[in-house]
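Summary of the model geometry
Residues per chain are reported as follows:
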Amino acid sequence: SRGESLLFFFMTLMSFIVYAYSPAGDVDLLYKVLYLIEDFARIILPPLTLHFFLRFPRPLVRSRWAIPAIYAFPALLALWEIDLLILGNVVPIASLATSSIIVERWQVLHFAIYFTVAFAALAYTYRTASVAGQRRQVQWIFFGMGLGFFPFLFFYLIPFVLKGSETGYTSLAILPLALIPLAFAVSILRYRLWDVEVIIKEVLAYAVTFIFGVVAFSTINLFLSRMIEEQYGMERNFLAFTSGLLIAGVLIPVKGRIESLIDMFVYRDTYRHRKAMIDFAQELASFRDLGELIDSVRERLAAAINLHQLNLYVREGSRFRILQYEQAIPSQITDGDFPVLPVNRPLTLDEPHLPHASEVPGRLIANGYRYLFPLRHRGELQGMLIVGNKRDQEALSRDDTHLIGSITASVALAIENARLYGRLRQQLDEIRSLKEYNEHVIESSSSAIVVVAGDGTVLTANRAFWELVGVGPDSQERIAQLLPAYAELDLPLGMTAEIHSVNRAGQEKYLTVSANAFSAMDAPPGTIVLVLGDVSERVRLERELQDKDRLASLGLLAAGVAHEVNTPLAGISSYAQLILADTPQDDPRYAMLKKMEQQTFRASHLVNNLLNFARNRSSSNEKVDLDDLIRSTVSLHESLFEARHITVHLDIADPVTVHGDHYQLQQVLTNLLLNAKDAVSEGGLISVTLLKEGGWAKIIVSDDGPGIPTEMGRKVFQPLVTTKQAQGGTGLGLAISERIVRSHGGEINLESGGGPGATFSVSLPLSTGN
């Protein structure tokens, strides 16, 4: 520390005065002052030496009264010396000559006593050093001081105290004293003593600064003495005093600059890295990953002070957890694992001596760790930075520990920031997971859900909604454009209604719609959430059920009609035919009888259609050549087409065979041809096309008639629905045809409508081998 540096500086200065400084010349006031300086150095050097070794390399005495007690007797001795040399024995304890002899002997005696105690303190430090590094720090000083001081003690100090005069071995006694500074020098050069290197550096800085001050003041004083005459002595003294103050003011920045130059010389390549640590400390707070943080700190300290071993314990509750796992050291430690936790200063680990002490310090020391640096933020210990020696097993100097200590606050802040960032990231992850979960629930819902602003803008919607309306999710249309039926529906909030809609894909949909207020904080005023359910299948099933009920009633009706109508119709038809056979064709009644016969046939045909539609007739399953079927069916009705000059165009490329009932399929084709005949005008055109598409045979019947209205096109296959009510249509032909085609595993469709002409297609599965 700085205290040891000052002690070593003054100890070195006093040693120089004692061993190399001696006044000469006439005994005048200047001689007495110089002699007093030498005696003062001889008196103060022993307690300085003892004080130094009681603190270096580790404190041995912690009592606050011990150090003042060391200087008590030397202070009295110095005052007695001042009284004898300057004041002329004002306090007459003895005569001037006797007092001078006593003071001189006591100087030598207290020199021997203090140096002996200092050596004992150094010996105790050497013997009790628990770490090899500490023993290396003091071993050369210990042996050098022993070899240098004890010859001086036995051959000079003790004889001088006892006899009052020097012996013949004075030179032999004084020469070994040179071993003491040599021992210091060897220790510094060979082992780079713990803080002695720093002490020497500061001593050098103080010495150069002191020399600079003395030279500057002497130069100015010499200049003033030559430039200003003696009669202006007061002015000259004032200028000298002022210049002294100015020089004293610039000594501090001069010393700082000198220390920087010494640092550049001492640290050489690592000096730039040491200076860069100041900027690096500011960057540490930006780290969010502790692993990256410790790697960066390790890299910077390795470049700055050759530090190779570093790790971090981070507080977790009442324990500390290792950041980067190492097998040989504990992964977790507690406050009780150390005699005292580092608070504001780093803790140096020593070998534990008590048998019940924790094994943690010993394990850390065994694996190369020597120092614990506290990481405090806002008064709380966030963790501990553990570091070892340098790469050559050299202990850290005070500058090194100060450099590491300069970044501990930033590391602690980075730990706190990383914790806050981790908690924030965890909360964000939880919020994101909850948001994704809710979105997945809404997105996976079979019901269409859409949030609509007050102006009709679609804010968000799930996949089911976009599939329902038949457009992509990137659409910017309003709800009134996407769902026109809803725009016409005045639906109160909290209520449910059913609407009919046709989406963009042309699919007919029956929907249930419910609207509720959307109360999110950032939602615009008037925002509502719509939930739409597709009930088209339910409506279809309900309608099928209604159709089945109607067909059941129709079956009962057909059975009754067949029973009640067919018998009298057969009689009327028979009587009409008998009378018609006996009536010549030129008889006016012949035409009436002919119409009667036709009407009975029509009535019988209607009854038979009702029976065929209402009952499930079993059909045969045989090979049917569709090309022959088409030609024979067209030929069968050829007279009807010729009577109205209708052209029937056949487009049959290849023979096509299916499995089914020949007569039922002929009935389907007949219905389509007769419907086309009734639709076209006289001289019209009917086209019949037979082709293959994949594994299907397709019969296409088209005409050039007026076509079928769009609203009627959706119902043409329903029973009792007809566009030929004025022409005697029953509305059962297409219904019967659809039933026959479906019973054969095929489909019948109206492929065009709403404009001129109509096209019907019948698709049947091909027979194997086509």
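All of these numbers come straight from a predicted model, not from anything done at the bench. (Residues numbered from 1 in each chain as written. Predicted model: local features only at pLDDT ≥ 70, side-chain atom pairs only at ≥ 80, totals over all residues. Heavy atoms only, no water.)

Brief notes about the sheet that holds strand S3 (residues 332–334)
Stated formally: Any two strands between which DSSP finds at least two bridges are classified as paired. Runs of H or I in DSSP of at least four residues are treated as helices and runs of E of at least two as strands, each being numbered from the N terminus. Whether two residues are in contact is decided by their heavy atoms: any pair within 4.5 Å suffices. Every axis corresponds to a line fitted to the C-alpha atoms, with the helix fit spanning only the stretch in contact, and the corresponding angles, defined between N-to-C directions, vary from 0 to 180 degrees.
The strand order across the open sheet formed by six strands is S3-S2-S1-S6-S5-S4, and the pairing between neighbours is antiparallel. Pairing within the sheet leaves two strands with one partner each, and these edge strands are S3 and strand S4 (347–348). Here strand S2 (residues 319–322) pairs with S3 via three bridges, running antiparallel. Bridge pairing links Phe320 to Ile333 in S3. Sheet contacts for helix H13 (residues 398–444): strand S1 (310–316), strand S5 (369–377) and strand S6 (380–388); angle to S5, the most-contacted strand, approximately 50 degrees.

Quick word on the pattern of salt bridges
Test applied: Any carboxyl oxygen of Asp or Glu that lies within 4 Å of a side-chain nitrogen of Lys or Arg is treated as forming a salt bridge with it. Throughout, exposure labels follow a simple rule: accessible area from a 1.4 Å probe, protein chains only, divided by the maximum for the residue type, with under 20% read as buried, over 50% as exposed, and the rest as partly exposed.
According to the stated counting rule, one finds twelve salt bridges in the structure shown. The salt bridge partner of Arg42 is Glu38, with a shortest N-O separation of 3.1 Å. Of the two residues, Arg42 and Glu38 are both situated in helix H2 (residues 29–55); the distance of four residues between them amounts to about one turn of the helix. Comparing Arg42 with Glu38, the two get one shared label, buried. Between Asp455 and Arg478 there is a salt bridge, with the nearest N and O atoms lying 3.6 Å from each other.

Side note on the packing of aromatic side chains
Just so we agree on the cut-off: Two aromatic rings, drawn from Phe, Tyr or Trp (for Trp, its six-membered ring), form a pair once their centres lie within 6.5 Å of each other, and the interplanar angle then sorts them: stacked below 30 degrees, edge-to-face above 60, tilted otherwise.
This model, assessed by the stated rule, comprises three aromatic pairs. Ring centres of Phe111 and Phe115 lie 4.5 Å apart, and the angle between their planes is 20 degrees; this geometry places the pair in the stacked category. Separated by four residues within a single helix, Phe111 and Phe115 lie in helix H4 (residues 96–128), roughly one turn from each other. Neither Phe111 nor Phe115 differs from the other in exposure class; each is buried.

Side note on the sheet that holds strand S11 (residues 528–534)
Reading across from one edge, S8-S7-S11-S10-S9 is the order of the five strands in this open sheet, with antiparallel pairing throughout. Every interior strand has two partners, whereas the edge strands, strand S8 (458–461) and strand S9 (496–502), have only one. When strand polarity is set aside, the average angle formed by the axes of neighbouring strands in this sheet is 30 degrees. As judged from the seven bridges shared by strand S10 (residues 508–517) and S11, these two strands associate in the antiparallel manner. Bridging across to S11, Ser514 finds its partner in Val531.

What to know about empty space enclosed by the protein
To be explicit about the condition: Grid spacing is 1 Å over the protein atoms alone, the probe is 1.4 Å, and a cavity is where that probe fits but cannot get out, while a pocket is an open set with protein on both sides within 12 Å along at least five of seven lines and lining residues have an atom within 4 Å of a point. Grid points are joined across faces, edges and corners, and a volume is the space filled by probe spheres set on the points.
This model, assessed by the stated rule, comprises two cavities of 30 Å³ or more. Around the largest cavity, the lining residues are Leu626, Leu629, Leu665, Val668, Leu669, Leu672, Ile699, Val741, Val762 and Leu764. Sorting the residues of the lining of the largest cavity by element identifies helix H19 (626–636), helix H21 (662–679) and strand S18 (758–765) as the ones contributing at least two each. Element by element, the count of residues in the lining of the largest cavity is highest for H21, at four residues. Each pocket or cavity is described by its volume, and for the second largest cavity that value is around 40 Å³. Lining of the second largest cavity is provided by Leu468, Val469, Leu482, Leu483, Pro484, Ser501, Val502, Asn503, Lys509 and Leu511. For the lining of the second largest cavity, the secondary structure elements donating two or more residues are helix H14 (463–469), S9 and S10.

Some words on the side chain of Thr49
Inspection of the secondary structure puts Thr49 in helix H2. Beyond its immediate chain neighbours, meaning those up to four positions away, Thr49 contacts Met11, Phe115, Ala118 and Met145.

Focus on the packing of helix H11 (residues 290–305) against H13
Heads up, the rule is: If an angle is under 35 degrees, it is roughly parallel; if it is over 145, roughly antiparallel; if it lies from 65 to 115, roughly perpendicular; otherwise it is oblique. Here the term charged refers only to Asp, Glu, Lys and Arg, the term nonpolar to Ala, Val, Leu, Ile, Met, Phe, Trp, Tyr, Cys and Pro, and the term polar to all other amino acids, Gly among them.
Running from N to C, H11 and H13 cross one another at 170 degrees; their axes reach a closest spacing of 11 Å. Viewed along their axes, H11 and H13 adopt a mutual orientation that is roughly antiparallel. From H11, Leu290, Leu293, Val297, Leu301, Ala304 and Ile305 reach across to H13, where they touch Asp400, Leu403, Ile404, Ile407, Val411, Ala414, Ile415 and Ala418. Considering only residue class, the contact of H11 with H13 consists of 13 nonpolar, no polar and one charged.

What to know about unusual backbone geometry
Its identity as a non-glycine residue notwithstanding, His645 has a phi of 55 degrees, on the positive side. Note that His645 resides in the loop between helix H20 (638–643) and strand S13 (647–652).

Section: the pairing of S8
Along any regular strand, the residues point their side chains to alternate faces of the sheet. Where strand S7 (residues 448–452) meets S8, three bridges bridge the pair, whose relative direction is antiparallel. Note on S8: the bridge partner recorded for Val452 is Val458. Taken together, S7 and the strand that follows it, S8, pair antiparallel across an intervening segment of five residues, in which Gly456 is found at a positive phi of about 90 degrees.

With respect to H13
Going by this rule: Each residue after the first adds 1.5 Å to the expected span of a helix. By definition, a residue's bend is the angle between the axes fitted to the seven residues ending there and the seven starting there.
In this model, H13 (47 residues) spans 67 Å end to end at C-alpha, consistent with the 69 Å of a helix rising 1.5 Å per residue. In H13, a bend of some 30 degrees at Thr408 exceeds every other bend along the element.

Considerations on a nonpolar patch on the surface
As a reminder of what qualifies: Any residue with relative accessible area above 30% and no salt bridge may belong to a patch, with like charges joined within 9 Å and the nonpolar Val, Leu, Ile, Met, Phe, Trp and Tyr side chains within 5 Å. Note on areas: Shrake-Rupley, 1.4 Å probe, and residue coverage restricted to the protein chains presented here.
Taken together, the side chains of Val33, Ile37, Leu76, Leu79, Ile82, Ile86, Leu87, Val90, Val91 and Ile93 make up a nonpolar region of the molecular surface, amounting to roughly 900 Å² of accessible area. Put simply, the parts of the chain that give the nonpolar patch at least two residues each are H2 and helix H3 (66–85). The element contributing the most residues to the nonpolar patch is H3, with three residues. Along the chain, Leu87 turns up in the loop between H3 and H4. Classification of Leu87 by relative accessible area gives exposed; the value is 51%.

Looking at the packing of H3 against H4
Rules: Crossing chirality is assigned from the near helix's rotation relative to the far helix, an anticlockwise turn below a right angle marking it left-handed and a clockwise turn marking it right-handed.
The geometry of H3 relative to H4 is characterised by a closest axis approach of 10 Å and an angle of 155 degrees between their N-to-C directions. Considering their axes alone, H3 and H4 lie roughly antiparallel with respect to each other. Regarding H3 and H4, the two cross each other, and that crossing is left-handed. Along its contact with H3, which presents Ala69, Ile70, Phe73, Pro74, Leu77, Trp80, Glu81 and Leu84, the element H4 presents Leu96, Ser99, Ser100, Ile102, Val103, Trp106, Gln107, His110 and Tyr114. Residues that form the contact of H3 with H4 fall into these classes: twelve nonpolar, four polar and one charged.

Some remarks on the environment of Gly660
Note that Gly660 resides in strand S14 (residues 657–660). Of the residues examined, Gly660 reaches a relative accessible area of 3% and is grouped as buried. Each C-alpha atom, one on Gly660 and one on Asp625, is 10.0 Å from the other, the two residues being 35 residues apart in sequence.

A short note on the confidence of the model for the protein chain
As a reminder, the rule being used: The predictor rates its confidence in each residue with pLDDT, a number between 0 and 100.
Overall, the prediction assigns the protein chain a mean pLDDT of 75, with 78% of residues at 70 or greater. Within the protein chain, helix H6 (residues 170–174) has the poorest average pLDDT of any element, 62, and strand S16 (residues 696–703) the best, 88. In the model, residues 351–356 has pLDDT below 50 throughout and makes six contacts with residues more than four positions away in sequence or in other chains. Between residues 725–729, whose pLDDT stays under 50, and residues either more than four places distant or in other chains, the model counts four contacts.

Regarding the nonpolar core
Just so we agree on the cut-off: Residues belong to one nonpolar core when they are buried, are Ala, Val, Leu, Ile, Met, Phe, Trp, Tyr or Cys, and are joined through side-chain atoms within 4.5 Å.
Membership of the largest hydrophobic core comes to 39 residues, with the highest contact counts inside it found for Met145 and Leu157. Of all the secondary structure elements, the ones that give two or more residues to this core are helix H1 (2–20), H2, H4 and helix H5 (132–163). In terms of residue count, H4 provides more of this core than any other element does, eleven residues in total. The contact partners of Met145, leaving out residues within four places of it in the chain, are Thr49, Phe53, Phe115, Ala118, Phe119, Leu122, Phe150 and Ile180. If you look at the next biggest cluster of nonpolar residues, it comprises 35 residues, including Ile630, Leu665, Leu672 and Ile748.

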